[in-house]
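Structure at a glance
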Amino acid sequence: MAAAPTTDTVTISINDVEIEVPKGELIVDAVKRLGLEIPIFCYHSRMKPVGMCRMCLVEVGFKQPDGSVRKMPKPQAGCTLPASEGMAVYTDTELVHKDRRGVLEFLLINHPLDCPICDRGGECPLQNNTLFYGPSTSRFIELKRHLPKAFPLSRYVTLDLERCIQCGRCVRFTEEISGDAQLAFRFRGANMQPTSFQLTEFESKFSGNVIEICPVGALTSTKYRFRARPWDLETKPAICTVCSNGCSVWFDYRVGKFVRLNGRVNEAVNEEWTCDRGKFGHDFYNSPKRLLAPALRKEDALRTANWAEAYAAILEAFEPGGNAVAALTGPMVSNESYYLLQKLFRGVFRSNNLDHRWTRHLSAASDRLESKMGMPTVATSIEAFEHKSAVLAIGTSLADEEPILFLRLRKAWFKNGTKVVVACDRDTDADSFAHLVLRYRPGTEMALAGGLLAAAVESGRATVPDPVREDLKRYSPSAAASATGVPEDRIREAADILGPNAAIVTTHRLLDVADAQGTLEYLAGLAMCLRAEFNLYALGANDQGALELGIHPELLPSGVALADAEAAAEVGRTMGIEIPREPGLGTHELLRACADGRIKALWLVGCDPFALHADRDLVQRALEGVEFLVVQDIVETEATSYASVILPMLGPAEQDGTYTNMERRVQRLRQVIPDAGDAKPAWRIFAEAMLRAQPQTPFFSAEEIMEEIARVAPAFEVARYDRLGHEGTRL
Amino acid sequence: MAETKLLLEHAHDPSYRTLDGYLAKGGYAGLKRALGMDRQAVIDQVKASGLRGRGGAGFPTWIKWNGIEKDKHAPHHFMLCNADEGEPGTFKDKQLMEETPFLVIEGMTIGGYATQADTGYVYIRGEFVDAARAMRKAIDEAYAAGYLGKNILGSGYDFDLHIHMGAGSYECGEESALMSSLMGERGMPRLKFPHAPLPTVAGLWDLPTVINNVETYAVAPFILERGGEWYSTLGASTKNSRGTKVFSVSGHVNKPGNYEIDFGTTLLDLFALAGGVKGTLKACVPGGSSVPMIDADACSKAVIGYEEMAEVGSMVGSGGCIVLNDQVCIVKFIWRTALFYANESCGKCTPCREGTRWLLQILERIVKGNGQPGDKELLLEICSQIDGRSFCGLGDAAAWPVVGAIKAFPQEFDYYIANGRSMVESDLVLVG
Ligand SMILES: Cc1cc2nc3c(=O)[nH]c(=O)nc-3n(C[C@H](O)[C@H](O)[C@H](O)COP(=O)(O)O)c2cc1C
Ligand code: SF4
Ligand code: FES
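Rules used in this analysis
Residues numbered from 1 in each chain as written. Chains lettered and ligands numbered in written order. Predicted model: local features only at pLDDT ≥ 70, side-chain atom pairs only at ≥ 80, totals over all residues. Helix = DSSP H or I, 4+ residues; strand = E, 2+ residues; numbered from the N terminus. Buried ≥ 20, exposed ≤ 12 C-beta atoms within 10 Å, placed from the backbone. Contact = placed C-beta atoms within 7 Å. Rg over C-alpha atoms; globule rule 2.2 N^0.38 Å. Near = placed C-beta within 6 Å. Nonpolar A, V, L, I, M, F, W, Y, C, P; charged D, E, K, R; others polar. Domains from an automatic or database assignment. Core = buried A, V, L, I, M, F, W, Y, C linked by C-beta atoms within 7 Å. Pairing = 2+ DSSP bridges. Axes fitted to C-alpha atoms, helices over the stretch in contact; angles between N-to-C directions. Left-handed = near helix turned anticlockwise from the far one by under 90°. Expected span 1.5 Å × (residues − 1).

Let us look at the overall build of chain A. Each helix and strand in chain A was counted, giving 23 helices and 29 strands. Principal axes of the C-alpha set define a box for chain A whose edges measure 90 × 65 × 50 Å. When burial is assessed residue by residue, chain A has 54% of its 731 residues classed as buried. Of the contacts formed within chain A by residues at least 6 apart in sequence, a portion of 68% connects residues at least 24 apart.

Here it is, written out as structure tokens:
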């Protein structure tokens, strides 16, 4: 591997122009400083250079004491050559052009000329390089090789072996980036082929990336194959809303229909990668089950209605308000919509019955680590993981729950040697690079967390107040070991690894386990004692936003607790409403209240309780028990059949709005896909309902709402649209 | 001129393959002397000997040994023996390992001592089962008698030696691909200086590593026993080649086999040693299938030496000397050579992967009688697009023979292309 660039600089010349560059910088990158480009195929700046394709050959010499340049006898690969003092690089000589023509001629002799039907045609590095640097004709008159044209590597990826130029990018991606090492080369020489192990399914949570980094149309998306030509596509920047990581992506659509998603560079979040769940998880936009018009239940059947009828019916049912009405939300709703929903409920329906949480454990406001321990629950940015010396991931399978954070953590280990401790009750993908794996018995999270803290205390690295010390006696490392099944020395070693430059990571998944509260407190305590960072990351696209903006029975926007009467009243004044004093019910209580008739009207916003809640039976009783049910969603779900009113809402990419990811980064998503049918953005639905209930100046855009949010919740000042940068901004 | 027998002196004596027999013939005197010397003094002896690598490139051996850090910081220093011997026409390492295994082991131990290596690997070509058996037996004997392992001969120097069998790839003889293979990776070459540190700095598992050919190691005991000065008197008539070299002579000679000669011997003398040419000499590939062939006229002028062979347009290479008489069709010979390289290209880089196959396709078409005007020029062009552009030397090795043959015998190619058949009336039918 080439030497890592350092802060020292060296002077080199590129086409006789002298320039100072970091010592060891690769020549392909160095020439960019002069606005030049060396054509490449196999080189990828996020992976180790391999020098396979030879497209980047340049002439290289060294400056002699007398000022002349002595050229090396052979051309050199620019993608593997580190800059050193006195190096003279030539990218534009007759020889270099001849070499480029030579390499391209070689690559093309066995490459099928099916560009007119190839997915890549029009956005193909091979096509582009051939156009700029290639020979205009071929001297090849032999038979081209023939290989399978549509080998199914996996459900998502189809390999056209004839088109492969054996650059190894795909193989290296699975080795270096995703780490699942699912692809390798088999056979030798011109017969060499990328392949999965024994031709079994290419099983990866990140397989879609190889489609994008393949410089030809060899790796194709099974879903997108032959669906469009690049020049027929409209490509717009967007944010993926499938999970809480909030990756920057490109949305491609054709004649108004979403067809493809690609990764977009955002160094702070996803670098350029996507996970398969995100890349292939946007089918709902084209779903045949899309809700396109409001519907109203009349004579026991749902019939299409207009919006005015729908609003009238809703207001009639919700206006009695107070404890008798409630709303539950899902994660794919914008900050602006969440804000307006709570304003509608608190201001118009005088109810705090609002929740966005679906985990078994719901912390009471007074139990939240922020209020109880003064410990922030989101501390570490995705990017900052790269420089952590140690990370404890506990109670989470990161590759499944925070896939992009998983890639960043793997990179931290791969590039910077970050020590990763994985504590989980089952195998996780992160085990493969873990320094230490703590496999505990299901349900013993609290004992392990206690044991870790006790070990830190025992070793003298952490001090805790006496009552805690007393309490920890039940979790001495040896007691924790016998409770969890994790060897005692591993518990001690794990505690030893953590320190000031460490981060502890868990997710809302931990809120589903027994003793979640105690576990969290021990973990936060551990972080606090060791001056490490503690993170309890959200899972849904905008769960974090829902929390920050008051979709909570006891919390208002900006995290002000209802119990704090003075502060709550102040928030109400800024919002221009009077906030009801009585706290609302959390999700479980709320469903129970629906089931036994205490709650008469329930509004579901982008959520299917059957899919999100652990107790199906309770959900069914609740949806049957409630007198009036509004189901506002993008697509039909199991809950829609229980609805009194169905409100079609637009998907995230069909409207303007912002989303707060798990590291509290607010990012803007502009409308990239045209409206679907009569559906409206959620915020507009709430705004129109408010307007019909009480005369007031309506909101005309999401941006206006953000202006108000910034006043109510000052943390969102940085999220005003004129301030949000390309990479979004962390609160 | 007679054969100078150094390495091969006792090769035919079965007792030499046992430790006792080896000791009886003065074996291990070199190591014993080395262990009594300062490490640098050992390297200086090798420097004085003028020994150059016998694996093909002729790189001065002492420079590699001297390149290893003197203050050992790394957890390991490695000594690798390249015993992959895949070059068609070359079979000297096979004989050296089968019949003089202790020379190789002693040589590696000397090198190991000089470079503070604690571990050595002999990477033996997969097909060389007999050689591996002989080496295994000798290594076991050496361990039992304290010539390997801990505290060798009471000197305090520890050296472990392991055998690794290749899996049948020519490319794994290329030193960096050999290391990939040894580390359990696909047999593909790795980045080289100046793109990556030298193997002496970061080789096997990124640790300091010396790699030499079997024959190179086998020479070391003699240098240490009799002194570098003495060794450098052999071959002194040449510009810069010293000592003896084992040549594997095959093809149209009466007594094919391995012959050890002093540098400075003429090529014709070598043919004579091998019983003389069968029939009329037409051409010779003097240093293994990858070096350019030379015609009879050049053969008659050729003196064996690294620089001397370059003067007649070829190379000493690995010493695989293939003699061709006038019954051989050069076009078919080159087609068969091209088939080898196309099969053995590892696939890593474009010029070699695609170029070797294209060369083969064209040559095959010519041999089948479907040559076209311009084919000869196209072959040369393709070779120029491979030579010096490929990732490792295999591409060059595939291009040189084609260029050499076309240069030496252009008329044979022209004739074959124009007439759809060979110029040589009774050409041998090669299997393909
Ligand atoms: C394609 C290729 C194949 C090679 N095969 C062998 C081989 O089989 N045996 C060998 O000793 N050297 C072989 N070499 C040369 C080695 O790379 C290396 O130069 C040699 O092992 C160094 O040893 P020496 O310095 O003792 O010659 C090969 C080189 C190339 C490019
Ligand atoms: S499939 Fe694509 S990425 Fe993989 S080796 Fe072939 S050309 Fe490269
Ligand atoms: S880009 Fe440099 S060799 Fe492929």
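Okay, the overall build of chain B next. Counting its secondary structure elements, chain B contains 19 helices and nine strands. By the compact-globule yardstick of 22 Å for 432 residues, chain B fits well, its C-alpha radius of gyration being 22 Å. Seen along its three principal axes, the alpha-carbon backbone of chain B occupies a region of about 70 × 45 × 35 Å. The buried share among the 432 residues of chain B stands at 59%. Sequence separation of at least 24 residues holds for 73% of the intrachain contacts in chain B that already meet a minimum separation of 6.

On to the site of ligand 1, then. All names here are of chain B. Near ligand 1, the surroundings consist of 23 residues, among which Gly 53, Gly 55, Gly 173, Asn 213 and Gly 393 are the closest. Contributing elements (two or more residues each) for the shell around ligand 1: β4 (209-213) and α18 (393-408). Considering only residue class, the shell around ligand 1 consists of six nonpolar, 10 polar and seven charged.

Attention now goes to the domain arrangement of chain A. Segmenting chain A into domains produces domain 1 (9-92), domain 2 (103-221), domain 3 (233-286), domain 4 (295-356 + 551-730) and domain 5 (365-537). Using only C-alpha atoms to locate each centre, domain 1 of chain A and domain 5 of chain A end up separated by 45 Å.

Before going further, it helps to examine the nonpolar core. Here is a general trend for soluble globular proteins: nonpolar side chains tend to be buried in one another's company. Judged by nonpolar contacts, the single largest core of 371 residues is most densely connected at Leu 392 of chain A together with Leu 270 and Cys 284 of chain B. Apart from residues lying up to four places away in sequence, Leu 392 of chain A is in contact with Val 421, Ala 423, Ala 494, Leu 498, Ala 502, Ile 504 and Val 505 of chain A.

With that settled, the discussion passes to the interface of chain B and chain A. Think of interface size as the accessible area that goes away when the parts come together; that is how it is often given. Contact residues are listed per partner, giving 28 residues for chain B and 29 residues for chain A. Among the secondary structure elements, those contributing two or more residues to the side of chain B that touches chain A are α15 (330-344), α16 (350-367) and α17 (375-386) of chain B. If one sorts the elements of the side of chain B that touches chain A by residue count, α16 of chain B sits on top with 11 residues. Here the side of chain B that touches chain A is composed, by residue class, of 11 nonpolar, 10 polar and seven charged.

Another aspect to go through is the site of ligand 2. Taken together, 13 residues sit near ligand 2, with Cys 164, Cys 167, Cys 170, Cys 214 and Ala 218 of chain A positioned nearest. Taken together, the residues that form the shell around ligand 2 break down as 10 nonpolar, two polar and one charged.

The next subject is the pairing of strand β10 (residues 193-196) of chain A. Residues and elements named next belong to chain A. Direction of pairing for strand β9 (residues 183-186) relative to β10: antiparallel, over a ladder of four bridges. Paired with Leu 183 across the bridge in β10 is Ser 196. If you look at the hairpin formed by β9 and β10, you'll find six residues sitting between the two strands, and Phe 187 has a positive phi there, around 65°.

Residue and element names in this part refer to chain A. The interhelical angle for the contact between helix α14 (residues 477-484) and helix α15 (residues 488-497), taken along N-to-C directions, is 120°, at an axis separation of 8 Å. The handedness of the crossing between α14 and α15 comes out as right-handed. Touching Pro 477, Ser 478, Ala 480 and Ala 481 of α14 are Glu 488, Ile 491 and Arg 492, all from α15. Within the contact of α14 with α15, the residues separate by chemical class into four nonpolar, one polar and two charged.

Right, let's get into the domain arrangement of chain B. Residues and elements named next belong to chain B. Parsing chain B into structural domains produces domain 1 (14-233), domain 2 (244-325) and domain 3 (330-419). Taking only C-alpha atoms into account, the centre of domain 1 sits 35 Å from that of domain 3. Across the contact, nine residues belong to domain 1 and eight residues belong to domain 3.

Moving on, we get to the sheet that holds strand β22 (residues 502-507) of chain A. Strand pairing in a sheet relies on backbone hydrogen bonds. The paired strands run either parallel or antiparallel. Residues and elements named next belong to chain A. Pairing is parallel across the open sheet formed by five strands, whose spatial order is β21-β20-β19-β22-β23. Where the open sheet ends on each side, the last strands, each with one partner, are β21 (436-439) and β23 (533-537). Put simply, the sheet's adjacent strands are angled 15° from each other on average, direction ignored.

The end-to-end C-alpha distance of α17 of chain B is 16 Å, a good match for the 16 Å that 12 residues give at a rise of 1.5 Å each. When we look at burial in α17 of chain B, the residues that qualify are Lys 376, Leu 379, Ile 382, Cys 383, Gln 385 and Ile 386 of chain B. Those residues of α17 of chain B that are buried lie in contact with α2 (94-109) of chain A together with α16, α18 and α19 (410-419) of chain B. Positioned one or two residues after α17 of chain B, Gly 388 of chain B has a phi angle of 80°, which is positive.

Residue and element names in this part refer to chain B. Sheet architecture is open: five strands sit in the order β6-β5-β9-β7-β8, paired in mixed fashion. Single-partner strands in this sheet number two, and they are β6 (257-262) and β8 (294-295). As defined by bridge partners, strand β5 (residues 244-251) adjoins β6 across six bridges and the pair is classed as antiparallel. For Val 246, the partnering residue across the bridge sits in β6 and is Glu 260.

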